Each structure stands twice: as structure tokens, then as C-alpha cells.
Amino acid sequence: MTSKVYIKQIGGAHYKKMKIQPSEFVHENKMLFAEGNIIKYICRHPYKDGKQDILKAIHYCEMIIERDYKTPNPMDKPNFWGILRNK
């Protein structure tokens, strides 16, 4: 059930066209900031800033890749004696 706070929108009506507002979806699913912004920008691109919103969503995807899927540097692995090679 939608809370009263999600009925009100300040600054436009682009989210009111949706069955579930992105902020409510993000909150209910306990998503992180970057993931939440991706949802927000993808949902609003047809109604607000078009291509710029898609580019913003891509930027947040890149942030998540860097945060969660950074390719490990092989030089950061300890050698046989447990000593990092690049230190």
C-alpha cells in the first residue's frame, strides 16, 4: 500500500504517471544509493530529461562496476611468503 508521502511530488509530475514511484520501490527493496538512482533515471527518462537521464543511469552503473566488480591487480596478491609484491 502506498504511503501518503509518495502521493505528493515536488517539482514536476513525471513520477505520478507510474504505478509505483521509483523512490518507494528503492526504499521497500532497501537498495543502495547508486542502484536507486539507476532505477530513478531509467523510470523518468521518457518524461523528463531523455538521453541525459540514460547517460546518468549508465554513469551509476559504471560506479557500481568500479565499487563491486573491480578487476583485481595481480600484483596485489601476496607471494609465497605472504608479502605483497607491489609494496
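Heads up: the structure comes first, above all this text.
This structure is a prediction, so every number in the text was calculated from the model and none was measured.

(A) Highlighting the nonpolar core. Membership of the largest hydrophobic core is limited to 6 residues, which are A34, I38, Y41, A57, Y60 and I64. Looking at this core, the elements with two or more residues in it are α2 (33-44) and α3 (51-68). Setting aside its immediate chain neighbours within four residues, A57 contacts I38, Y41 and I42.

(B) Highlighting the packing of aromatic side chains. For the coordinates displayed, the defined rule picks out 2 aromatic pairs. Aromatic pair F33 and Y60: ring centres 6.1 Å apart, planes at 70 degrees, arrangement edge-to-face. Taken as a pair, F33 in helix α2 and Y60 in helix α3 lie far apart in primary sequence, 27 residues in all. Assessed through its relative accessible area of 63%, F33 is described here as exposed. The interplanar angle of 25 degrees and the centroid separation of 6.1 Å between the aromatic rings of Y41 and Y60 together place this pair among those described as stacked. Placement of Y41 in helix α2 and of Y60 in helix α3 is noted, with a sequence separation of 19 residues between them. Owing to a relative accessible area of 14%, Y60 belongs among the buried residues under this scheme. The structure contains a cluster of three or more aromatic residues connected by ring pairs, namely F33, Y41 and Y60.

(C) Spotlight on the pattern of salt bridges. According to the stated counting rule, one finds 4 salt bridges in the structure shown. For the salt bridge of E35 with R67, the shortest nitrogen-to-oxygen distance reads 2.6 Å. Of the two residues, E35 is situated in helix α2 and R67 in helix α3; the sequence distance between them amounts to 32 residues. R67 gets classed as partly exposed once you look at its relative accessible area, which sits at 40%. The shortest N-O distance in the salt bridge between D49 and R44 comes to 3.4 Å. Given a relative accessible area of 31%, D49 falls into the partly exposed group.

Basis of the calculations
Residues numbered from 1 in each chain as written. Predicted model: local features only at pLDDT ≥ 70, side-chain atom pairs only at ≥ 80, totals over all residues. Heavy atoms only, no water. Core = buried A, V, L, I, M, F, W, Y, C linked by side-chain atoms within 4.5 Å. Buried < 20%, exposed > 50% of the residue type's maximum accessible area, 1.4 Å probe, protein only. Helix = DSSP H or I, 4+ residues; strand = E, 2+ residues; numbered from the N terminus. Contact = heavy atoms within 4.5 Å. Phe/Tyr/Trp six-rings, centres within 6.5 Å; stacked < 30°, edge-to-face > 60°. Salt bridge = Lys/Arg side-chain N within 4 Å of Asp/Glu carboxyl O.

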